[in-house]
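Residue-level listing of the chains:
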Amino acid sequence: MKIKCLIVDDEKPARDLLKQYCNEIFFLEVRGECKNAYETMDRLTNEKIDLLFLDIKMPKLTGLQLLRSLNNPPFVIITTAYREYAFEGFELEVLDYLKKPFSFERFLKSVLKVKKLYEQRITAEASEETNLSNNPEFLFVKTDKIFYKIVPDQLMYVEAMGDYAHFYTKTEKYVIYITMKKVEQILPSDQFIRVHRSFVVALRHIDYVEGNIINIGDKEVPIGKSFRDDFKKRLM
């Protein structure tokens, strides 16, 4: 399994070097390059990225400002020529700080650290006791060692939060350790649809759709670019 990477830097030579380094590492897969924070936010909204190589000094919005704006950031390695931002970067829980110019050896050391953490996460997900089970009439969600019964008709939407998913009914919220992929697999496909990398919604509870926003009760759910066509077909 490869770690999906996104390179973010406003300077093309820096992006080219990072891409060259990544191509030398068998467990890395470069999914794209971004020149600024706005391109990056759009890309992260519509695609699951495991690792971000993030420059700090960029026009309009810095790398650190971008990082603060993300609710569910991927692993982050800072790449910059400015050492004075190192402490602030680590406060935002970045995994490493590469000061330009950096060698391939230093780069390798950094991504091996990511690989170790990524494998630990995958192992934890694979070995985690099943937290969600269902039959045609109801499902159980497990949280805090207690199984709660939910009738699918009552479930309004599911929102991903890091390694957890929040299940929302009109009156309750349940937080469980589970991937969104597994959520999709176990919820009835004729009643639920994934509309964003972080959201699965119940079709019956949609109040209205305005532009790229779904309104369910008091919640506004964004529609990801890569999910729009499928969602529009389901609406029709």
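This is a predicted model, so every value here is computed, not measured. (Residues numbered from 1 in each chain as written. Predicted model: local features only at pLDDT ≥ 70, side-chain atom pairs only at ≥ 80, totals over all residues. Heavy atoms only, no water.)

Chemist: I'm lost on the sheet that holds strand 2 (residues 28–34) in this one. Help?
Modeler: In a beta sheet, neighbouring strands are held together by backbone hydrogen bonds and run either parallel or antiparallel to one another. The strand order 2-1-3-4-5 describes an open sheet built from five strands, whose pairing is parallel. A single partner strand is all that each edge strand has here, and the edge strands are strand 2 and strand 5 (96–99). With strand direction ignored, the average angle separating the axes of adjacent strands in the sheet is 20°. Here four bridges tie strand 3 (residues 51–54) to strand 4 (residues 75–80), and the two strands are oriented parallel to one another. When the sheet's bridge partners are listed, Leu54 is paired in strand 4 with Ile78. (Pairing = 2+ DSSP bridges. Helix = DSSP H or I, 4+ residues; strand = E, 2+ residues; numbered from the N terminus. Axes fitted to C-alpha atoms, helices over the stretch in contact; angles between N-to-C directions.)

Chemist: Got a minute to help me understand unusual backbone geometry in this structure?
Modeler: Backbone phi values are negative for most residues with the exception of glycine, while trans is the configuration of most peptide bonds. With omega at -10°, the peptide bond leading from Lys100 into Pro101 counts as cis. Its location among the elements puts Pro101 in the loop between strand 5 and helix 5 (104–127). Residue Lys60 is not a glycine yet carries a positive backbone phi of 70°. Along the chain, the position of Lys60 falls in the loop between strand 3 and helix 3 (63–69). Since its relative accessible area comes to 79%, Lys60 is described here as exposed. (Buried < 20%, exposed > 50% of the residue type's maximum accessible area, 1.4 Å probe, protein only.)

Chemist: Explain the packing of aromatic side chains here, please?
Modeler: For any pair of aromatic rings, the description rests on two quantities: the centre-to-centre distance and the angle between the ring planes. Under the definition given, this model contains nine aromatic pairs. Through successive ring pairs, a cluster of aromatic residues spans Tyr21, Phe53, Phe102, Phe104 and Phe107. (Phe/Tyr/Trp six-rings, centres within 6.5 Å; stacked < 30°, edge-to-face > 60°.)

Chemist: Sorry if this is basic, but what is going on with the pattern of salt bridges here?
Modeler: Between side chains of opposite charge, a pair can form when the charged atoms approach closely. Within this structure, the stated rule accounts for 17 salt bridges. Between Asp50 and Lys48 there is a salt bridge, and its shortest N-O distance comes to 2.8 Å. The residue Lys113 makes a salt bridge to Asp96 at a minimum N-O spacing of 3.9 Å. On the criterion of sequence distance, the pair formed by Lys113 in helix 5 and Asp96 in strand 5 is long-range, its members being 17 residues apart. Lys113 gets classed as partly exposed once you look at its relative accessible area, which sits at 37%. The exposure class of Asp96 is buried, given its relative accessible area of 7%. One network of salt bridges, with partners in common, ties together Glu29, Arg31, Arg43 and Glu47. (Salt bridge = Lys/Arg side-chain N within 4 Å of Asp/Glu carboxyl O.)

Chemist: Got a minute to help me understand the sheet that holds strand 10 (residues 164–169) in this structure?
Modeler: Strand order in the open sheet formed by five strands is 11-10-9-13-12, with antiparallel pairing between adjacent strands. On the outer flanks of this sheet lie strand 11 (173–177) and strand 12 (192–196), each paired with one strand and no other. Within the sheet, the average angular offset between the axes of one strand and its neighbour, ignoring direction, is 20°. Pairing of strand 9 (residues 155–161) with strand 13 (residues 199–202), which is carried by three bridges, proceeds in the antiparallel orientation.

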